[in-house]
Amino acid sequence: MNLKVHYEEYSGTGFIEDILLLPSISDVSTTEEWRDVARNLNERGGSRWRFVIPDWPGFGLSDRPRMDYTADTLESFLVDFISAANSPLGVSGKLIFFLISFLSFVVAVSMGLNLWQHIMGE
């Protein structure tokens, strides 16, 4: 499924690390949750980082397709968002997650465990 995913980027010049800021998963989830944090860190000498804040599918300005919004669905979205050829992430070769809610944490950990099992051939 092709989705239009809204995301925002904030970076200084010469950044060397990508930081993914994931909004909470709730009926009011949007990039706005992290916007001020990213701007503030950039202004305080965060030129080494690039912050990427996506709206989850069905939230904020991203597409709202009719589908089951389960942890598995959101995990697939996160994997696709990070690994897509046109992803805003991965330019630096280093990726750091910052999470704001328990459900965002569960989705990211699940994605990490599944990716690890894939790499290890389990």
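1. Some details on the side chain of S87
Now for step 1: Following the sequence through the fold, S87 ends up in the loop between α2 (71-83) and β4 (95-99).
Now for step 2: We classify S87 as buried; its relative accessible area is 11%.
Now for step 3: From its side chain, S87 meets the backbone oxygen of F81 in a polar contact 2.6 Å long.
Now for step 4: A polar contact is formed between the side chain of S87 and the backbone nitrogen of L89, at a distance of 3.0 Å.
Now for step 5: Once residues lying within four places of it in the same chain are set aside, the contact partners of S87 are F81 and I82.

2. Observations regarding the pairing of strand β2 (residues 17-22)
Now for step 1: Counting buried positions along β2 gives six out of six residues, so the element sits mostly inside the fold.
Now for step 2: Across four bridges, β2 lies against strand β3 (residues 49-54) in parallel orientation. Paired with D18 across the strands is R50, a residue of β3.

3. With respect to the packing of aromatic side chains
Aromatic ring pairs: the centre-centre distance and the angle between the two ring planes describe each pair.
Now for step 1: Following the criterion strictly, the structure yields four aromatic pairs and no others.
Now for step 2: Their ring planes at 55 degrees and their centres at 5.8 Å tell us that W56 and F77 sit as a pair that is tilted. Of this pair, W56 sits in the loop between β3 and α2 while F77 sits in helix α2, and the two are 21 residues apart along the sequence.
Now for step 3: Given a relative accessible area of 8%, F77 falls into the buried group.
Now for step 4: Cluster of aromatic residues (ring-pair linked, three or more members): Y7, W56, F77 and F81.

The rules we used
Residues numbered from 1 in each chain as written. Predicted model: local features only at pLDDT ≥ 70, side-chain atom pairs only at ≥ 80, totals over all residues. Heavy atoms only, no water. Helix = DSSP H or I, 4+ residues; strand = E, 2+ residues; numbered from the N terminus. Buried < 20%, exposed > 50% of the residue type's maximum accessible area, 1.4 Å probe, protein only. Polar contact = N/O pair within 3.5 Å; in protein donor to acceptor, adjacent residues only side chain to side chain. Contact = heavy atoms within 4.5 Å. Pairing = 2+ DSSP bridges. Phe/Tyr/Trp six-rings, centres within 6.5 Å; stacked < 30°, edge-to-face > 60°.

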